[in-house]
Amino acid sequence: MGIIGDIKDTVSKAVFTPSTLLSGRGGLHMAQIILSLVTFVLAGIRGGSSHTYWIYAMFTWAFCPIMTLAITLIEMFKLDIILNMFCMHWDDFTTGMAMSSTLMTVSVAITYANFYACLKCLYGWIVTIFAFLCGFVYALEVLKDKFLDKKKGVYLAALPGFWKVLEAFVSCMIFISLTGYRDKLALILCVIAYIIPFPILPLIIATNILKKLKACLPFNLDRFVFIFLVVSVVLYIFAAIMWPIFMFRNNPRPSDCPPSYCIWAIQFMVAFMTYVNLILFVLDLVFTLLGICGFKRT
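Here's a quick rundown of the structure. (Residues numbered from 1 in each chain as written. Predicted model: local features only at pLDDT ≥ 70, side-chain atom pairs only at ≥ 80, totals over all residues. Heavy atoms only, no water.)

## Some points on the overall build of the protein chain
Assigned secondary structure in the protein chain consists of twelve helices and zero strands. Reading the protein chain from its N terminus to its C terminus gives the helix and strand order α-α-α-α-α-α-α-α-α-α-α-α. Buried residues in the protein chain amount to 44% of all 298 residues. Considering only contacts in the protein chain between residues 6 or more positions apart, those separated by 24 or more positions represent 76%. Accessible area of the protein chain: about 15300 Å², with a carbon and sulfur share of 75%. (Helix = DSSP H or I, 4+ residues; strand = E, 2+ residues; numbered from the N terminus. Buried < 20%, exposed > 50% of the residue type's maximum accessible area, 1.4 Å probe, protein only. Contact = heavy atoms within 4.5 Å. Areas by Shrake-Rupley, 256 points an atom, 1.4 Å probe, with all protein chains shown as cover.)

## A few points about the side chain of Ser100
Within the fold, Ser100 resides in helix H5 (residues 90-116). With a relative accessible area of 11%, Ser100 lands in the buried category. Residues in contact with Ser100, not counting those within four places in the same chain, are Phe162 and Val165.

## Some remarks on the environment of Thr105
As for its placement among the helices and strands, Thr105 is situated in helix H5. Under the relative-accessibility criterion, Thr105 is labelled buried at 0%. Along the primary structure Thr105 and Cys64 are separated by 41 residues, whereas in three dimensions their C-alpha atoms are 8.2 Å apart. Aside from chain neighbours lying at most four places away, what touches Thr105 is Thr60, Cys64, Ala131, Cys134, Gly135 and Tyr138. Polar side-chain contacts of Thr105 include one of 3.3 Å to the backbone oxygen of Thr102. (Polar contact = N/O pair within 3.5 Å; in protein donor to acceptor, adjacent residues only side chain to side chain.)

## Things to note about the pattern of salt bridges
Counted according to the given criterion, the structure contains seven salt bridges. In this structure, Lys151 and Asp91 form a salt bridge, with 3.9 Å as the shortest nitrogen-oxygen distance. A residue pair is termed long-range when its members are at least 10 positions apart, and Lys151 in the loop between helix H6 (122-148) and helix H7 (159-177) and Asp91 in helix H5 qualify at 60 residues. By relative accessible area, Lys151 is classed as buried at 18%. Each of the salt bridges in this network shares a partner with another, and the network as a whole consists of Arg25, Glu75, Asp91, Glu141, Asp145 and Lys151. (Salt bridge = Lys/Arg side-chain N within 4 Å of Asp/Glu carboxyl O.)

## Quick look at the nonpolar core
Inside soluble globular proteins, nonpolar side chains tend to come together where they are buried. Ranked by size, the top nonpolar core spans 77 residues in total, and within it Trp61, Phe93, Ile174, Leu178, Tyr194 and Trp243 carry the most contacts. For this core, the leading source of residues is helix H11 (residues 221-248), giving 13 residues. In this view, Trp243 contacts Leu178, Thr179, Tyr181, Leu187, Cys190, Tyr194, Phe248, Gln267, Val270 and Ala271; residues no more than four positions away in its chain are not counted. (Core = buried A, V, L, I, M, F, W, Y, C linked by side-chain atoms within 4.5 Å.)

## Points about the environment of Phe130
Residue placement: Phe130 occurs in helix H6. Here the alpha-carbon distance between Phe130 and Ala43, two residues 87 residues apart in the chain, equals 9.9 Å.

## A word on the packing of aromatic side chains
Under the definition given, this model contains 16 aromatic pairs. Residues Phe175 and Phe198 carry aromatic rings whose centres are separated by 5.2 Å and whose planes lie at 80° to one another, so their mutual orientation is edge-to-face. Here Phe175 is found in helix H7, whereas its partner Phe198 is found in the loop between helix H8 (185-195) and helix H9 (200-209), with 23 residues between them in sequence. On the basis of relative accessible area, Phe198 is assigned to the partly exposed category, the value being 26%. Of the aromatic side chains, those joined through ring pairs into one cluster are Tyr53, Trp61, Tyr112, Phe115 and Tyr116. The aromatic ring of Phe246 is capped on one face by Arg249, whose charged end is 4.9 Å from the ring centroid. (Phe/Tyr/Trp six-rings, centres within 6.5 Å; stacked < 30°, edge-to-face > 60°. Lys NZ or Arg CZ within 6 Å of the ring centre and 35° of its normal.)

## Focus: the environment of Ala265
Relative to the helices and strands, Ala265 resides in helix H12 (residues 263-290). We classify Ala265 as buried; its relative accessible area is 16%. In sequence terms Ala265 and Ser177 are 88 residues apart; their C-alpha atoms lie 9.7 Å from each other.

Laid out in structure tokens, this is it:
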């Protein structure tokens, strides 16, 4: 009866509370949704593009407000009380999503400014300003959660979980920058090396967030993560060696190579991000082996 009583008591607290919209947190959420949608519309009006950077920007300005709206509705109906009891640590999830959204919107603002803003491109600057405002309001929520509300991270908002988010984010930047690899087997193998760890990262993140699911796994998740990190490090070492050799051998930087329109510069971005992710995976593995900074030692 004790458990059933707790469940009834929890469900009874899940009532409609529109007053959450009038709080500082609710105001930030409304600003995030409005600014993201305005930026999405402005960028869409400017004209479509087949460029992967533009597609990723549009995805970010759609995905982030949708997640913010979902979080707002859940908190408005107090469903977070039920989720907190049965599924996840809600404060950790919301702060982690704010951190992830900040990372996505700020990076997209920088990328959009690099490709579409110029001295004569007034409309591009307008979109860029709104893009940076999106990143700013998401960063404000992170600062509010971390420093004003003193929310403690459990996984996603703590270093181990956000480190995985960083690894997934850098992988995404590699994927949207891939070009000029189809005619060389070694470069195709590098792409395969990038692909293998990527779908596993969100599964690890989701499993650690959903505490009930983690408890039902028939294997030790921490041990699985350790094996995954070892494999990822090996794959990225391979890519870090092979990509620069086979991409830039007999392929020097052109004399006229602006960052916005030069294929060579984008190919160099892949090499750079490969080394960034290799460092992230190596540090993740070292922290896991030593059991420091909140990482669980296997």
